[in-house]
Amino acid sequence: MGAVEDVVLESRALVLADLEARRMADPFAVSALEDAVASRRWWVEQWPEGAAYVAGLVAQDVQDALLDDVGRWPVCEGCDDAPTHPLHISPELGGPDPVWVCEETGSVVAALGGLAAWTPPPR
């Protein structure tokens with residue numbers, strides 16, 4: 001496998017792990033993920049220096065695709081007092097080293113691909 005394929009497959013695995021962690025890996029979401037991966041494969045082929053940004057951008061693409069039909073994903077599970085709100089990828093450009101950040105508090109919740117290991121802080 002080439003470097004581009006390695007990058008897109010790793011990105012796919014990270015986002016799929018987070019979809020599964022939030023029980024969202026249904027056919028619609030996985031299809032959105034596959035579309036995002038295909039689009040970003042082309043993108044990184046055109047700009048190989050952008051490889052560090054691909055995983056976060058794939059996550060953002062999936063968030064955008066799910067918003068209209070499914071709703072916000074992933075939703076923050078750590079803020080009981082706030083209205084339902086999503087997590088977002090930081091840095092905004094998708095990388096390097098993308099993390100999920102709470103929209104309300106600005107705190108880092110988990111690395112991309114790490115939502116399954118995250119537990120809310122004690123109350």
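Everything here concerns the structure above.
Rules used in this analysis
Residues numbered from 1 in each chain as written. Predicted model: local features only at pLDDT ≥ 70, side-chain atom pairs only at ≥ 80, totals over all residues. Heavy atoms only, no water. Helix = DSSP H or I, 4+ residues; strand = E, 2+ residues; numbered from the N terminus. Rg over C-alpha atoms; globule rule 2.2 N^0.38 Å. Buried < 20%, exposed > 50% of the residue type's maximum accessible area, 1.4 Å probe, protein only. Contact = heavy atoms within 4.5 Å. Lys, Arg positive; Asp, Glu negative; His and termini not counted. Charge placed at Lys NZ, Arg CZ, Asp CG, Glu CD. Pairing = 2+ DSSP bridges. Axes fitted to C-alpha atoms, helices over the stretch in contact; angles between N-to-C directions. Expected span 1.5 Å × (residues − 1). Arc of directions from axis to C-beta.

Colleague: Mind showing me how you'd approach the overall build of the protein here?
Modeller: For the protein, the count of helices and strands is 3 helices and 3 strands. Listing each helix as α and each strand as β along the protein from the N terminus yields α-α-α-β-β-β. Over its C-alpha trace the protein gives a radius of gyration of 14 Å, about what one expects of a compact globule, namely 14 Å for 123 residues. The C-alpha extent of the protein, read off along each of the three principal axes, is 45 × 30 × 20 Å. Taken over 123 residues, the protein has a buried fraction of 39%. For the protein, restricting intrachain contacts to residue pairs at least 6 apart in sequence, the fraction spanning at least 24 positions comes to 52%. The positive charge centre, built from 7 side chains, and the negative charge centre, built from 21, are 5 Å apart in the protein.

Colleague: Would you mind going over unusual backbone geometry with me for this structure?
Modeller: The phi torsion of most residues other than glycine is negative, and most of the peptide bonds are trans. The omega angle of the peptide bond from serine 90 to proline 91 is 0°, so this bond is cis rather than trans. Secondary-structure assignment places proline 91 in the loop between β1 (87–90) and β2 (99–102). Cis geometry is adopted by the peptide bond preceding proline 96, which originates at glycine 95 and carries an omega value of -5°. Phi angles above zero are rare outside glycine, and arginine 23 is one such case at about 55°.

Colleague: Explanation requested: the sheet that holds β1 in the structure shown.
Modeller: Note on sheets: strands pair through backbone hydrogen bonds, and any given pair is parallel or antiparallel. Across the sheet, 3 strands lie side by side as β1-β2-β3; this open sheet has antiparallel pairing. This sheet does not close on itself; its edge strands, each paired only once, are β1 and β3 (108–111). Pairs of neighbouring strands in the sheet enclose a mean axial angle of 30°, with direction left out of account. Inspection of the sheet shows β1 paired to β2 by 4 bridges, in the antiparallel sense. Note that in β2 the partner of leucine 87 across the bridge is cysteine 102. Of the strands in this sheet, β1 and β2 touch helix α3 (residues 54–69), which is tilted by about 150° from β1.

Colleague: How should the side chain of glutamine 60 be read in this particular structure?
Modeller: Tracing the backbone shows glutamine 60 in helix α3. Every residue in contact with glutamine 60, bar those within four places of it in the chain, is listed here: Ile89, Pro91, Glu92 and Gly94.

Colleague: Got a minute to help me understand helix α1 (residues 3–21) in this structure?
Modeller: Residue pairs three or four apart in sequence face the same way in an α-helix, which turns once every 3.6 residues. Over its 19 residues, α1 extends 27 Å from the first C-alpha to the last, a length consistent with the 27 Å expected when each residue adds 1.5 Å. Of all the residues in α1, the buried ones are Val8, Ser11, Val15, Leu16, Asp18 and Leu19. The arc that holds every buried residue of α1, seen down its axis, measures 160°, which confines them to one face. Counted as exposed and oriented over 90 degrees from the buried face of α1: Ala3 and Glu10. Tucked into the core, α1 has its buried residues touching α2 (27–46), α3, β2 and β3.

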